[in-house]
Amino acid sequence: MSAKGRTLGFSWPALVALAALAAPRVVLHDLHVVEEGRPAAVLLAVVPLICWVAAVLWRRPPRPFLTVVVIGAIHGVLLAVGHQLLWDEAFGATGPRLGDIDPRAQEAVFRVAAVFSSLVTGILTGVVAGAVAAVLSRLVIGRQRAAGSERAGGRPPDAAAPRG
């Protein structure tokens, strides 16, 4: 595993797989299978984030916040690619318009904006989920240290035994 992989606590394929957990929502939304605000849409949006946080709590990378932000950024890339591939299905002939500007230029502007928006959305999603993961990681580690201290007779678990 590379130095970056050790910092993130997961291999790159695992990070991509975690980010891909959120991909079905993009596809189902753009194909108009799932509508915003419905329970299925909420589950498709929230469950992957819970999985990201759970994976970080389970794997305990040295920098949980950074790990989840990277997963979010990868998700942003997947989100951008998904929206671009499903553009015609999502909008059809009634895509967004900017007035009397050439339709091809309008589409280019909207597609670029969609890519930027997707990347920002992925990163911000990673920041929020990463903050949750970082706080929960600290709570879990704190509890484990406290439990270890009680078992070790009041010493921290990594403290050396007295010599004498």
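Owing to the predicted nature of the structure, the values given are computational and were not obtained by experimental measurement.

## Considering the packing of aromatic side chains
Then, in step 1: Throughout the structure, instances matching the rule amount to one aromatic pair.
Then, in step 2: Directly above the aromatic system of F10 lies the positively charged group of R59, at a separation of 5.4 Å from the ring centroid.

## Here we look at the environment of W87
Then, in step 1: Turning to its location among the elements, W87 is positioned in helix α6 (residues 87-91).
Then, in step 2: According to the relative accessible area criterion, W87 is buried, its value standing at 7%.
Then, in step 3: In sequence terms W87 and E107 are 20 residues apart; their C-alpha atoms lie 9.9 Å from each other.
Then, in step 4: With sequence-adjacent residues up to four places away left out, W87 is seen in contact with G92, E107, F110, R111 and A114.

## Describing the packing of helix α3 (residues 23-30) against helix α4 (residues 39-59)
Then, in step 1: With their axes 8 Å apart at the nearest point, α3 and α4 run at an angle of 150° to one another. It follows that α3 is roughly antiparallel to α4 by the angle criterion. Considering only the axes of α3 and α4, their crossing is left-handed. Facing α3, whose interface residues are P24, R25 and L28, α4 presents A41, L44 and A45.
Then, in step 2: Class assignment for the residues of the contact of α3 with α4 results in five nonpolar, no polar and one charged.

About the criteria used
Residues numbered from 1 in each chain as written. Predicted model: local features only at pLDDT ≥ 70, side-chain atom pairs only at ≥ 80, totals over all residues. Heavy atoms only, no water. Phe/Tyr/Trp six-rings, centres within 6.5 Å; stacked < 30°, edge-to-face > 60°. Lys NZ or Arg CZ within 6 Å of the ring centre and 35° of its normal. Helix = DSSP H or I, 4+ residues; strand = E, 2+ residues; numbered from the N terminus. Buried < 20%, exposed > 50% of the residue type's maximum accessible area, 1.4 Å probe, protein only. Contact = heavy atoms within 4.5 Å. Axes fitted to C-alpha atoms, helices over the stretch in contact; angles between N-to-C directions. Parallel < 35°, antiparallel > 145°, perpendicular 65-115°, else oblique. Left-handed = near helix turned anticlockwise from the far one by under 90°. Nonpolar A, V, L, I, M, F, W, Y, C, P; charged D, E, K, R; others polar.

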